[in-house]
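Structural characterization, general
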Amino acid sequence: MANIIIVEDDINLATIYKQKLTEGGHSVTVVSDSEAVKQILAAKPNLVLLDILMPNVSGLDILREVKADPMGSAIPVILLTNVAEDVSIAKGLQYGAYGYLLKSETTPDQVLSRVNMALEETVPAAP
Amino acid sequence: MDFTTLSLGLVTIIGTLAGIAGYFLMRRKFERELENGRAGQVELAQKAYETAVLKEIGDRIGYSLDGAKIVEIVSGSLGKLLPYSAVSYIILDSKENKVRFACNVSETVSANFVREVKTKMLAAVSEMNQEPLTDTGVDEAISGAILDDTLTDKVASFFNLPVIISGKLVGLINVSSKLPGQYGEKNTEVLYRIAKQASEAVSRLQEVLENEKGKLAQAVDSLSDGLLMVDTKYQLAIINHKLKSLLGVGDKPEIFDIVNALSGQLDLRTKMEEAISRGEASVLEINFKEKTLQVFADRVMDRENTKPIGVVVLFHDITDARALERLKSDFTSMMVHELRAPLTSIKSSVEILKPEGQKSENTKKYLGIIDSTSQIMLELVNDLLDVAKLESGKFDIVAASDDLGAVIKERAESFEPVAAAKSLKITVDIEEGLPQGYFDKIRTKQVLNNLLSNAVKYSESGAITVSAKKEVVNGSAVDILVSVADTGIGIDAEDIPKLFSRFGQLAAGRKAGATKSSGLGLFIAKGIVEGQGGKIWCQSQGAGSGSTFYFTVPIAKVEKRTARETPIVFSTKKVAQA
Amino acid sequence: MSDDSDYKNLLSDLIKKQMVMLGPSVALAKARKVTGLTVDDAGQVTAISGDPQEALKALAGEYMALSGQIAQMTLDSLLEKYPGIKKQNS
């Protein structure tokens with residue numbers, strides 16, 4: 001039902017999340033960190049799953065850029081991380097992330113339900 | 001005259017002569033004996049005097065090692081030993097660069113007399129030091145009988161007594177008289193001897209002192225920490241090489257050089273003042289020139305521990321230690337991150353494969369195994385992260401007022417399935433009206449998880465009882481006591497201390513436990529319980545008779561609940577490496 | 001012999017210095033204890049009988065008993081003025 005973009009450098013995990021979300025009825029695209037901002041602003045998805053720790057570009061920087069742009073400011077972004085105490089989470093929430101989840105503690109099922117909850121709660125900006 | 005009369009006359013004359021000669025001889029003998037006797041008496045008196053003075057000097061030396069004191073004592077105690085008009089001394093104070101002249105007049109003389117004494121003494125000192133010493137800047141003190149300028153007596157006889165300590169002339173004593181010929185070898189001998197002995201004793205003591213000081217200086221200098229010591233006047237007493245190079249203050253710094261070098265990072269003056277007045281050692285961490293230093297300040301007491309004689313400040317370089325800690329912490333974080341990612345992928349993949357929908361039982365079984373083992377490994381990684389946090393003091397406890405009973409009930413319920421699988425019964429006994437506890441809900445759940453899973457793991461049959469009640473001491477409730485009792489394999493008394501260490505898993509446990517665990521669970525549980533302000537311990541009658549684990553949780557204070565909106569965050573102190 | 005007069009002068013200088021340092025009566029008394037030395041009241045050595053070297057050693061010894069190293073230093077600096085006289089091994 002929704003268009004979702006996943007920004008995650010771990011191919012395995014990206015594959016798993018894409019599989020699960022596709023089974024949940026969504027249309028999923030996985031993009032690289034260097035292309036992320038461009039692609040998000042171009043595609044204007046209904047939701048973004050954004051990994052924080054990535055090799056080329058920091059997830060937080062991507063988040064800020066997207067949120068700064070009028071095209072992207074309304075898109076809900078869920079941050080993905082592996083370390084709960086990371087100060088980046090707090091910063092991310094400050095920058096306007098919708099929420100976060102701990103990859104190691106969240107089963108694919110739970111990821112899907114979180115995504116669906118977020119989609120229900122946020123009404124996409126009228127174009 | 002006839003012959004008889006002549007001979008009689010001769011005999012008489014000779015006899016008389018003999019008598020007179022004899023008389024004189026006898027008198028000579030008497031006088032000599034008297035002289036000897038008198039000399040003997042004088043000698044005795046001299047010896048007595050010598051002993052007394054030496055004893056007084058010895059006593060006084062105990063208090064202060066001072067050449068000047070010898071000069072004063074000897075001149076002050078001349079007493080009746082010698083006849084004199086005035087006894088004076090000159091003390092050369094090298095520390096304060098002063099020359100002091102003091103004259104005690106025992107019988108009235110003129111001011112000129114005193115001046116003459118002073119001149120003679122200055123000449124003697126000049127000769128001894130082979131360097132002229134003038135009258136300018138010499139402190140003068142005259143005491144005793146009054147001076148009478150109408151008198152014209154000159155210094156008719158005198159002698160000088162030098163006091164030499166460790167090869168240096170420290171002072172000169174002068175005994176002068178307006179009568180000539182008062183001082184010969186005999187009556188001055190004892191004084192020279194005393195002065196020499198005292199000087200030698202002091203010199204020897206000074207040598208020992210220098211030696212000990214030298215040894216101490218060496219020991220202090222070879223310390224790997226920077227050290228300085230000041231006296232009660234904040235004068236620098238000791239500073240070692242390490243500190244000089246740490247601070248970059250050169251070879252002979254003054255105390256203000258050091259205070260300046262540290263200004264901005266550390267108020268050294270205040271720290272030292274606090275140490276002297278408060279008497280408790282203080283520790284402080286400062287950053288100095290890209291180094292991290294731990295600074296300890298403590299006061300030094302005198303030997304009888306009655307009053308402070310100074311402050312010692314130690315500078316311990318922990319830059320490397322801190323860097324290592326950061327490295328370890330960064331490494332741990334990195335490892336945790338790196339381990340979690342693939343494990344998560346493994347576990348998640350299993351879920352995607354939908355084992356419930358698999359037709360093959362084998363596939364179902366092995367998918368199940370992959371799922372559970374990857375779960376165990378994820379938990380192991382979590383444990384490792386917790387241990388790293390405990391060890392580095394970064395383990396945070398976020399406590400709040402909450403219903404402990406409810407938490408216990410919920411956890412016990414979640415263990416029902418696994419317990420039932422082993423035919424174990426879980427009973428929960430929460431005391432009626434249990435007060436609110438003050439604890440970190442998530443972490444306490446972690447503790448309960450660990451204790452319950454251990455109870456299930458190490459019991460083959462029987463029951464597990466979880467209870468919570470308040471502990472009352474002297475009529476008031478002090479905390480909540482939680483216990484988890486099982487009827488399992490039990491623990492030997494000698495193994496109990498090891499349980500809560502990082503290497504807690506016991507051999508027996510390893511055998512009994514079908515599933516492996518990290519053995520870190522109890523170590524972490526201890527960190528959590530103690531971080532909340534409680535205690536954790538274990539009781540067991542020994543192998544085969546079950547065990548009971550206890551831990552305490554503080555009671556929420558009613559005032560706390562209304563006063564605070566945000567919960568207090570505790571950080572555990574560095575947990576000792578067990 | 002010049003040697004002899006050197007010794008007389010050296011000893012006289014020594015005694016005179018000691019008279020300033022220790023006092024005339026004590027210095028002279030000590031000097032007169034040395035066998036073979038004849039000293040006048042001004043501290044001048046008028047005659048040496050016997051080995052002058054021995055006399056010097058004895059005199060130095062007497063003074064060192066009273067003023068220790070200072071006597072030694074006085075003697076050493078005097079010896080520099082009289083190179084003809086061998087330095088004592090103290």
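Given the structure is predicted, the values throughout are model-derived calculations rather than measurements.

**Regarding the overall build of chain C**
- Within chain C one finds 3 helices and 2 strands.
- Along chain C, from the amino end to the carboxyl end, the secondary structure elements read α-α-β-β-α.
- Across chain C, contacts joining residues at least 24 apart in sequence account for 58% of those joining residues at least 6 apart.

**Describing the overall build of chain A**
- On a plain count of helices and strands, chain A comes out with 5 helices and 5 strands.
- Along chain A, from the amino end to the carboxyl end, the secondary structure elements read β-α-β-α-β-α-β-α-β-α.
- Put simply, 64% of the contacts in chain A that link residues at least 6 apart link residues at least 24 apart.

**Some remarks on the sheet that holds strand β15 (residues 476–485) of chain B**
Residues and elements named next belong to chain B.
- A sheet is described by the order of its strands in space; here 5 strands give the open sequence β12-β14-β15-β17-β16, paired in mixed fashion. Across the chains shown, the open sheet's two edge strands, defined by having one partner strand only, are β12 (424–430) and β16 (536–540). Averaged over all neighbouring strand pairs, the angle between strand axes comes to 20°, with direction disregarded.
- Packing against the sheet, helix α12 (residues 441–457) makes contact with β12, β14 (462–473), β15 and β17 (547–554), and its axis sits at approximately 35° to β15.

**A word on the pairing of strand β3 (residues 138–144) of chain B**
Residues and elements named next belong to chain B.
- Across 7 bridges, strand β2 (residues 98–105) lies against β3 in parallel orientation. Residue pairing in the sheet places Val99 in a bridge with Val138 of β3.
- On the question of chirality, the crossover connecting β2 to the parallel β3 by way of helix α3 (residues 111–129) is right-handed.

**Details of the interface of chain B and chain C**
- On the chain C side, the residues contacting the 20 residues of chain B number 15 residues.
- Listed by contribution, the elements that provide at least two residues to the side of chain B that touches chain C are α3, β4 (157–165) and α4 (185–221) of chain B.
- It is β4(B) that contributes the most residues to the side of chain B that touches chain C, 6 residues altogether.
- Here the side of chain B that touches chain C is composed, by residue class, of 10 nonpolar, 7 polar and 3 charged.

**Digging into helix α7 (residues 268–278) of chain B**
Residues and elements named next belong to chain B.
- Those residues of α7 that fall on the buried side of the exposure criterion are Leu268, Met272 and Ala275. Projected down its long axis, α7 carries its buried residues within an arc of 60°, all on one side. For α7, the exposed residues set more than 90 degrees away from the buried face come down to Thr270, Ser277 and Arg278.
- Where α7 is buried, its residues meet β6 (226–231), α6 (255–262), β8 (282–288), β9 (291–301) and β10 (308–317).
- Gly279 sits one or two residues past α7 and shows a positive phi near 75°.

**Side note on unusual backbone geometry**
Residues and elements named next belong to chain B.
- Positioned with a positive phi, Gln130 is a non-glycine residue whose angle comes to about 50°.
- Counting through the fold element by element, Gln130 comes out in the loop between α3 and β3.
- Taking the C-beta count within 10 Å as the criterion, Gln130 has 11 such neighbours and is therefore assigned exposed.
- The backbone phi angle of Asn474 is positive, close to 50°, even though this residue is not glycine.
- Position of Asn474 among the secondary structure elements: in the loop between β14 and β15.

**What to know about the environment of Ser106(B)**
All names here are of chain B.
- Examined against the element boundaries, Ser106 turns out to sit in the loop between β2 and α3.
- Residues Ser106 and Val87 lie 19 residues apart in sequence; the distance between their C-alpha atoms is 7.8 Å.
- In contact with Ser106, other than residues within four places in its own chain, are Tyr84, Ser85, Ala86, Gly144 and Ala145.

**With respect to the pairing of strand β3 (residues 47–51) of chain A**
Residue and element names in this part refer to chain A.
- Counting buried positions over the 5 residues of β3 gives 5, a clear majority of the element.
- Burial along β3 is two-sided: Leu47, Leu49 and Asp51 facing one way and Val48 and Leu50 facing the other are all buried.
- Here strand β1 (residues 3–7) runs beside β3; their pairing, made up of 4 bridges, is parallel. Within β3, the residue paired with Ile4 across the bridge is Leu47.
- For β3 and strand β4 (residues 77–81), the ladder comprises 4 bridges, and the chain directions are parallel. Bridge pairing in β4 links Leu49 to Ile78.
- Running through helix α3 (residues 59–68), the crossover from β3 to the neighbouring parallel element β4 is right-handed.

**What about the sheet that holds β4(B)?**
- If you walk across this open sheet you meet the 5 strands as β3-β2-β1-β5-β4 (chain B), and the pairing is mixed. The sheet terminates laterally at β3 and β4 of chain B, the two strands that pair on one side only. Across the sheet, the mean angle from the axis of one strand to that of its neighbour is 15°, orientation sign disregarded.
- Where strand β1 (residues 86–93) of chain B and strand β5 (residues 168–177) of chain B come together, 6 bridges link them in antiparallel fashion. Of the residues in β5(B), the one forming a bridge with Ser88(B) is Asn174(B).
- Contacts between helix α2 (residues 67–76) of chain B and the sheet are confined to β1, β4 and β5 of chain B, with β5(B) contributing the most and set at about 15° to the helix.
- Here helix α3 (residues 52–81) of chain C sits on the sheet in contact with β4 and β5 of chain B, set at roughly 65° to β4(B).

**A few points about the confidence of the model for chain C**
- Overall, the prediction assigns chain C a mean pLDDT of 82, with 91% of residues at 70 or greater.
- Of the two predicted TM-score estimates for the complex, the pTM is 0.51 and the ipTM is 0.84.

**Describing the environment of Ile165(B)**
- Its place among the elements puts Ile165(B) in strand β4.
- Excluding residues within four positions of it along the chain, Ile165(B) makes contact with Gly67(B), Val170(B), Ser199(B), Val202(B), Ser203(B) and Gln206(B).

**Comments concerning the packing of α12(B) against helix α15 (residues 521–531) of chain B**
All names here are of chain B.
- In the contact formed by α12 and α15, the axes pass within 9 Å of each other and the chain directions differ by 145°. In the packing of α12 onto α15, the handedness of the crossing is left-handed. For the pair α12 and α15, contact is made by Arg443, Thr444, Gln446, Val447, Asn450 and Leu451 and by Gly521, Leu522, Ala525, Ile528 and Val529, respectively.
- Counted by class, the contact of α12 with α15 contains 6 nonpolar, 4 polar and 1 charged residues.

**Remarks on the interface of chain A and chain B**
- Each side of the interface is counted separately: chain A has 14 residues, and chain B has 13 residues.
- Breaking the side of chain A that touches chain B down by element, the ones donating at least two residues are α1 (11–23) and α5 (108–121) of chain A.
- Class assignment for the residues of the side of chain A that touches chain B results in 5 nonpolar, 5 polar and 4 charged.

**Re the packing of helix α9 (residues 361–391) of chain B against α15(B)**
All names here are of chain B.
- Where α9 meets α15, the axes come as close as 10 Å, and the angle between the chain directions of the two elements is 45°. With respect to α15, the element α9 is oriented oblique. Classified by chirality, the crossing of α15 by α9 is left-handed. Facing α9, whose interface residues are Asp383, Asp386, Val387 and Leu390, α15 presents Gly521, Phe523, Ile524 and Gly527.
- Residues of the contact of α9 with α15, tallied by class, amount to 4 nonpolar, 2 polar and 2 charged.

**Some details on the environment of Ala118(A)**
Residues and elements named next belong to chain A.
- By the element assignment, Ala118 lies in helix α5.
- Residue class for Ala118 comes out partly exposed when judged on the 18 C-beta atoms lying within 10 Å of it.
- The sequence separation of Ala118 and Val77 amounts to 41 residues, and the corresponding C-alpha distance is 9.1 Å.
- Leave out the neighbours within four places in its chain, and Ala118 touches Leu47, Pro76, Ile78, Tyr98 and Gly99.

Parameters and conventions
- Residues numbered from 1 in each chain as written.
- Chains lettered and ligands numbered in written order.
- Predicted model: local features only at pLDDT ≥ 70, side-chain atom pairs only at ≥ 80, totals over all residues.
- Helix = DSSP H or I, 4+ residues; strand = E, 2+ residues; numbered from the N terminus.
- Contact = placed C-beta atoms within 7 Å.
- Pairing = 2+ DSSP bridges.
- Axes fitted to C-alpha atoms, helices over the stretch in contact; angles between N-to-C directions.
- Right-handed = clockwise from strand over helix to strand, strands pointing away.
- Nonpolar A, V, L, I, M, F, W, Y, C, P; charged D, E, K, R; others polar.
- Buried ≥ 20, exposed ≤ 12 C-beta atoms within 10 Å, placed from the backbone.
- Arc of directions from axis to C-beta.
- pLDDT = per-residue confidence, 0-100.
- Left-handed = near helix turned anticlockwise from the far one by under 90°.
- Parallel < 35°, antiparallel > 145°, perpendicular 65-115°, else oblique.

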